[in-house]
Amino acid sequence: MLSYRHGFHAGNSADVLKHMVLIFCLDYLAQKEKPCLCIDTHAGAGSYPLPGVFSAKKREWEGGIGKLSGVDSLSGNGKAPGPDRQQIPAMIRRYLDITGLSNGAAPATAAALSYPGSPEIIRRLLRRQDRGCCFELHPEDFAALDALLGGDRRFTLRREDGFAGLKKLLPPLSRRGLILIDPPYEVKDDYTRLPRALSDALKRFPTGTYIIWHPLLHTDPRPGPVETASFQETLLGLYNGNRLGIEFYTAPKDSPPANSPRGMYGSGLVLFNPPWTLKPALEESLPFLGEILGIGKDGWKLQ
Ligand code: SAM
């Protein structure tokens, strides 16, 4: 089932958190000259026009990148500008700079606004010696991705299943790699296929940097018997080494917004082998992000 289109959600608070962490990890990997392979198992279209067909309908981006960057005010609908750049933690400033949507740097016309998805963010940070590989199953999103990155010889684009394709690429020859796993979770299968693909990948490439996104939902969406461990805890349990779980709340856990059919109260990330500098950077950034995009400065958890 391919009903999910990331264009409806591009630039929302979940994207902000995920892409901010992705940029931090890519910057860290780029500190060494050795080549790196970046794999995006669920890539999406790669770039999204913000006032475009999808995002214009629900305007989720206004509650994410819009609030953070002030691009909304630049598009002329009179909302307040984004926060003062001097007060923004370095990790978030870097995210805004890479998206090209920081205050003052945004294009003058609303029509020119677009939000970079993970493949485009990877492209912006990939070096000459690095390689990228993106999987995307949706025919239209794959065509858009191909139009965006097809001419970049550093990238391989595959219209294939990302869970199945991942293992064939591991371990990378250079033994340095970042793997982003970002399924839509529209089908329950994703909750069982992901841990299987991840365990397999970790066996082949235990030293890779892994970033896995998941929603935080009011009711446990997993098939089968009710589990006591959360999905995040289950994923963290797959690896004994350096790991980090992040939760970011956009609504109180016990009263998710009525307009969210699955009762989504936030989003989470699981990381394996993240940079050691990530945790302190998040401890500085998440209170700030929580005040602007979430339920307040304490609306997050690291484990
Ligand atoms: N990673 C993107 C980003 O951050 O910009 C967003 C990806 S979106 C959440 C998930 C994408 O995965 C959708 O575009 C969907 O069509 C695609 N997809 C769904 N199942 C897939 C699968 N098994 N293999 C590869 N792509 C899949």
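Description of the structure in this document. Everything numeric in this text was worked out from a predicted model, so none of it was measured.

### Focus: the site of the ligand
Right, so step 1: Not every one of the 20 residues close to the ligand is listed here, only the nearest: His19, His42, Glu136, Gly162 and Asp182.
Right, so step 2: The contact in question runs from a nitrogen atom of the ligand to an N or O atom on the side chain of Asp161, over 2.8 Å.
Right, so step 3: The protein chains hide 96% of the 600 Å² of surface that the ligand would expose on its own.
Right, so step 4: Of the residues assigned to the shell around the ligand, the class counts are four nonpolar, nine polar and seven charged.

### Points about the pairing of strand β9 (residues 264-272)
Right, so step 1: Burial within β9 is extensive, with eight of its nine residues counted as buried.
Right, so step 2: Both strand β7 (residues 209-217) and β9 contribute to a ladder of eight bridges, which runs antiparallel. If you follow His214 over to β9, its bridge partner there is Gly268.
Right, so step 3: Bridge count between strand β8 (residues 243-249) and β9: seven bridges; the pairing is antiparallel.

### Some thoughts on the nonpolar core
Across soluble globular proteins, nonpolar side chains have a tendency to be buried as a group.
Right, so step 1: Val21, Tyr210, Ile212, Ile246, Leu282 and Leu289 are the most contacted members of the largest nonpolar core, which totals 84 residues.
Right, so step 2: With eleven residues, the top contributor of residues to this core is helix α1 (residues 13-29).
Right, so step 3: Beyond its immediate chain neighbours, meaning those up to four positions away, Leu282 contacts Met20, Val21, Met91, Leu244, Ile246, Pro287 and Leu302.

### Quick notes on α1
Right, so step 1: An ideal rise of 1.5 Å per residue puts 24 Å on 17 residues; α1 measures up with 25 Å between its terminal C-alpha atoms.
Right, so step 2: In terms of burial, α1 is largely enclosed, as 15 of its 17 residues are buried.

### Regarding the sheet that holds strand β4 (residues 131-135)
Right, so step 1: Across the sheet, which stays open at both edges, the eight strands sit in the order β5-β4-β1-β6-β7-β9-β8-β10 with mixed pairing between neighbours. Looking along the sheet, the strands with just one partner apiece sit at the ends: β5 (155-158) and β10 (300-302). Taking the axes of each pair of neighbouring strands and ignoring which way they run, one obtains an average angle of 10 degrees across the sheet.
Right, so step 2: Relative to β4, strand β1 (residues 37-40) is paired through four bridges, and the arrangement is parallel. Bridging across to β4, Cys38 finds its partner in Gly132.
Right, so step 3: Each of β1, β4, β5 and β6 (177-181) is contacted by helix α6 (residues 118-125), which is oriented at about 170 degrees to β1, the strand it contacts most.
Right, so step 4: Packed on one face of the sheet, helix α7 (residues 139-149) meets β4 and β5 and runs near 165 degrees to β5.

Rules behind the numbers
- Residues numbered from 1 in each chain as written.
- Predicted model: local features only at pLDDT ≥ 70, side-chain atom pairs only at ≥ 80, totals over all residues.
- Heavy atoms only, no water.
- Near = heavy atom within 4 Å.
- Polar contact = N/O pair within 3.5 Å; in protein donor to acceptor, adjacent residues only side chain to side chain.
- Areas by Shrake-Rupley, 256 points an atom, 1.4 Å probe, with all protein chains shown as cover.
- Nonpolar A, V, L, I, M, F, W, Y, C, P; charged D, E, K, R; others polar.
- Buried < 20%, exposed > 50% of the residue type's maximum accessible area, 1.4 Å probe, protein only.
- Helix = DSSP H or I, 4+ residues; strand = E, 2+ residues; numbered from the N terminus.
- Pairing = 2+ DSSP bridges.
- Core = buried A, V, L, I, M, F, W, Y, C linked by side-chain atoms within 4.5 Å.
- Contact = heavy atoms within 4.5 Å.
- Expected span 1.5 Å × (residues − 1).
- Axes fitted to C-alpha atoms, helices over the stretch in contact; angles between N-to-C directions.

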